[in-house]
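Single-letter residue listing:
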Amino acid sequence: MKTIIVFGATGNLGAYISLHMKNQGYDVIAVGHRKDDNHFFADRGMRYYSVDIKNPDAFDILPKENIYAVAHFASSLPSRYAFNPIDLFESITIGTLNVLNWMKSIGCKKIVFPQTPSDMAKFHNNGCVIPCDAPRHFPLTGDHAIYTIA
């Protein structure tokens, strides 16, 4: 059975990706920033690790062998209640760099990394299928601009 690590497993996308990959027959290791997942993953046959991706030493608790792929959905998100641009920037840039460095250190060469739908916003609602090679574009105003540019 192939092992996949899902970073950001306690978030909206990551939780569903973890469940889907488990249902597809993968051994899923869920990784999130939350200290406790309330046994959500264990109850579904998955291991859970709490890792702050902004701290490269935090990765030391993760398994290092036979990792087939990584699904990287971890980052802070802008919130209208508690927007912290430094945390947002560091989670996306430094956090992703730390994930990639950790992958390199264990010899894992496959990654799934999401793209925000807003990068294709100019193609939305036109009644056409968006081609896979359509040029990326993102709004230059609002919270999303900060998130994407970071």
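The structure under discussion appears in the preceding block.
Residues numbered from 1 in each chain as written. Predicted model: local features only at pLDDT ≥ 70, side-chain atom pairs only at ≥ 80, totals over all residues. Heavy atoms only, no water.

Q: Is there a simple way to explain the environment of Ala9 in this structure?
A: As for its placement among the helices and strands, Ala9 is situated in the loop between β1 (3-7) and α1 (12-23). The class of Ala9 is buried, set by a relative accessible area of 0%. Setting aside anything within four residues of it in sequence, one finds Ala9 in contact with Gly14, Ala15, Ser18, Ala30, Val31 and Phe41. (Helix = DSSP H or I, 4+ residues; strand = E, 2+ residues; numbered from the N terminus. Buried < 20%, exposed > 50% of the residue type's maximum accessible area, 1.4 Å probe, protein only. Contact = heavy atoms within 4.5 Å.)

Q: What is the right way to read the sheet that holds strand β2 (residues 27-32) from this model?
A: Backbone-to-backbone hydrogen bonds join strands into a sheet, with any given pair of strands oriented parallel or antiparallel. The strand order across the open sheet formed by 5 strands is β3-β2-β1-β4-β5, and the pairing between neighbours is parallel. Strands with a single pairing partner mark the edges of an open sheet, and in this sheet they are β3 (47-50) and β5 (111-112). Pairing of β1 with β2, which is carried by 5 bridges, proceeds in the parallel orientation. Note on β2: the bridge partner recorded for Ile4 is Val28. Relative to the sheet, α1 contacts β1, β2 and β4 (67-72), its axis offset from that of β1 by approximately 170°. Here helix α2 (residues 85-106) sits on the sheet in contact with β1, β4 and β5, set at roughly 175° to β4. (Pairing = 2+ DSSP bridges. Axes fitted to C-alpha atoms, helices over the stretch in contact; angles between N-to-C directions.)

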